[in-house]
Amino acid sequence: MMIKYGVISTDTLIDDLLHWKTLYVAGRLQKPVKILTQNENSKLQAALVSNLKSAVTAAFLMLPESFSEEDLYMQIAGLSYSGDFRMVIGEDRSKVQNIVKPNVPHFQKLYSNILQDCPQVVYKHHLGRLEIDKSPEGQFTQLMALPRTLQQKITSLVDPPGKNRDVEEILLQVAYDPDCGFVVHQGISGIVRSSSIVQSAKTILTAGAKKSITYSMKKLYKMTKGWLRKTS
């Protein structure tokens, strides 16, 4: 069995969980994972919960007024792949679906408390359906709750250079925009795109060119296999 691992400081981990600076680790922890051991760090615990809430909020902004639980988990699982150039060349296009479909009960366990406590959603657990407030006021509340880096990305997309308007003013404008969800998606893609390029460069430097090429060829094989399975 092959294991891919990384080492990260607690401070850097908490920073990404809270602010989505890279969404590299935060994105992985928005999906069901097996935590082998964990110390009693209250800041880390709070950051882990905050990251899950942020994932739900971002997904809400990109979903319609009514949707299924599976739609929500597909949206959440796809956050960290939005804008990743490896999803164009090198990754199985069905990757998000392959993560969610067999793991819906694990996603439910991870997110059910957050959904039940969220005042902006009607969670019909027995039907597996959700309804959210898509009014400009509701969307503004959600935009204001997004992680700092994503708010900054959205601001840079919407605000013309040199205008320097207040973040709150810009987010209010986005809340009234019919393309609000698309703007949020573009903001997330901007974070992930930069992060995926940096991580790929680090992989080449740390693993070496030969191992990186071998790993990439395996990814291409998986992507092609997934594509052929879809078309057959």
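Coordinates for the structure precede this section.
Report on the accompanying structure. Treat the numbers as computed from the prediction; the structure is a model and nothing was measured.

1. Focus on the overall build of the chain
Okay, step 1: Per the secondary structure count, the chain includes 11 helices and 3 strands.
Okay, step 2: In the chain, the succession of helices and strands from N to C terminus is α-α-α-β-α-α-α-β-β-α-α-α-α-α.
Okay, step 3: Per-residue burial over the chain gives 41% buried out of 232 residues.
Okay, step 4: Taking the intrachain contacts of the chain between residues at least 6 apart in sequence as the baseline, contacts between residues at least 24 apart amount to 67%.
Okay, step 5: For the chain, the computed accessible surface area is about 13,900 Å², with 58% contributed by carbon and sulfur atoms.

2. Here we look at the packing of aromatic side chains
Okay, step 1: Across all of its chains, the model carries 3 aromatic pairs by this definition.
Okay, step 2: Both rings, one in Phe-60 and one in Phe-67, keep their centres 6.1 Å apart while their planes meet at 50°; by these two values the pair is tilted.
Okay, step 3: Judged by its relative accessible area of 1%, Phe-60 is buried.
Okay, step 4: Judged by relative accessible area, Phe-67 falls into the buried class, the value being 1%.
Okay, step 5: Seen in terms of ring centroids, Tyr-73 and Phe-107 are 5.3 Å apart; in terms of plane orientation they differ by 25°. Their pairing is stacked.

3. Quick notes on helix H3 (residues 42-62)
Okay, step 1: Between the first and last C-alpha of H3 there are 31 Å, a value that for 21 residues agrees with the 30 Å anticipated at 1.5 Å per step.
Okay, step 2: For H3, the side-chain oxygen to backbone nitrogen distance between the N-cap and Lys-43 is 3.0 Å, and the N-cap itself is Asn-41.

4. Section: the pairing of strand S2 (residues 121-124)
Regular strands have side chains that alternate between both faces of the sheet.
Okay, step 1: Burial of the side chains of S2 is restricted to one face: Val-121 and Tyr-123 are buried, whereas none of Val-122 and Lys-124 on the reverse face is.
Okay, step 2: Strand direction decides the pairing type here: S2 and strand S3 (residues 129-132), joined by 4 bridges, are antiparallel. Its bridge partner being in S3, Tyr-123 is matched across the sheet by Leu-130.

5. A few points about the pattern of salt bridges
Okay, step 1: As enumerated under the stated definition, the model contains 4 salt bridges in all.
Okay, step 2: In this structure, the salt-bridge partner of Glu-131 is Lys-124, at a minimum N-O distance of 3.2 Å.
Okay, step 3: You can call Glu-131 partly exposed: its relative accessible area is 34%.
Okay, step 4: Linked through salt bridges whose partners overlap, the residues forming this network are Asp-159, Arg-165 and Glu-169.

6. Things to note about the layout of surface pockets
Okay, step 1: For the second largest pocket, the calculated volume is near 340 Å³.
Okay, step 2: Lining the second largest pocket are 13 residues, with Pro-32, Val-33, Ile-35, Leu-52 and Leu-110 positioned closest to its centre.
Okay, step 3: Among the elements that make up the lining of the second largest pocket, the one with the highest residue count is H3 (4 residues).
Okay, step 4: By residue class, the composition of the lining of the second largest pocket is 8 nonpolar, 3 polar and 2 charged.

7. Thoughts on the sheet that holds S3
Okay, step 1: If you trace the 3 strands from one edge of the open sheet to the other, you get S1-S3-S2, paired in antiparallel fashion. The open sheet has two edge strands with one neighbour each: strand S1 (66-68) and S2. Pairs of neighbouring strands in the sheet enclose a mean axial angle of 20°, with direction left out of account.

Thresholds applied
- Residues numbered from 1 in each chain as written.
- Predicted model: local features only at pLDDT ≥ 70, side-chain atom pairs only at ≥ 80, totals over all residues.
- Heavy atoms only, no water.
- Helix = DSSP H or I, 4+ residues; strand = E, 2+ residues; numbered from the N terminus.
- Buried < 20%, exposed > 50% of the residue type's maximum accessible area, 1.4 Å probe, protein only.
- Contact = heavy atoms within 4.5 Å.
- Areas by Shrake-Rupley, 256 points an atom, 1.4 Å probe, with all protein chains shown as cover.
- Phe/Tyr/Trp six-rings, centres within 6.5 Å; stacked < 30°, edge-to-face > 60°.
- Expected span 1.5 Å × (residues − 1).
- Polar contact = N/O pair within 3.5 Å; in protein donor to acceptor, adjacent residues only side chain to side chain.
- Pairing = 2+ DSSP bridges.
- Salt bridge = Lys/Arg side-chain N within 4 Å of Asp/Glu carboxyl O.
- 1 Å grid on protein atoms, 1.4 Å probe; cavity = no way out; pocket = protein on both sides within 12 Å on 5 of 7 lines; lining within 4 Å.
- Points joined across faces, edges and corners; volume = space filled by probe spheres on them.
- Nonpolar A, V, L, I, M, F, W, Y, C, P; charged D, E, K, R; others polar.
- Axes fitted to C-alpha atoms, helices over the stretch in contact; angles between N-to-C directions.

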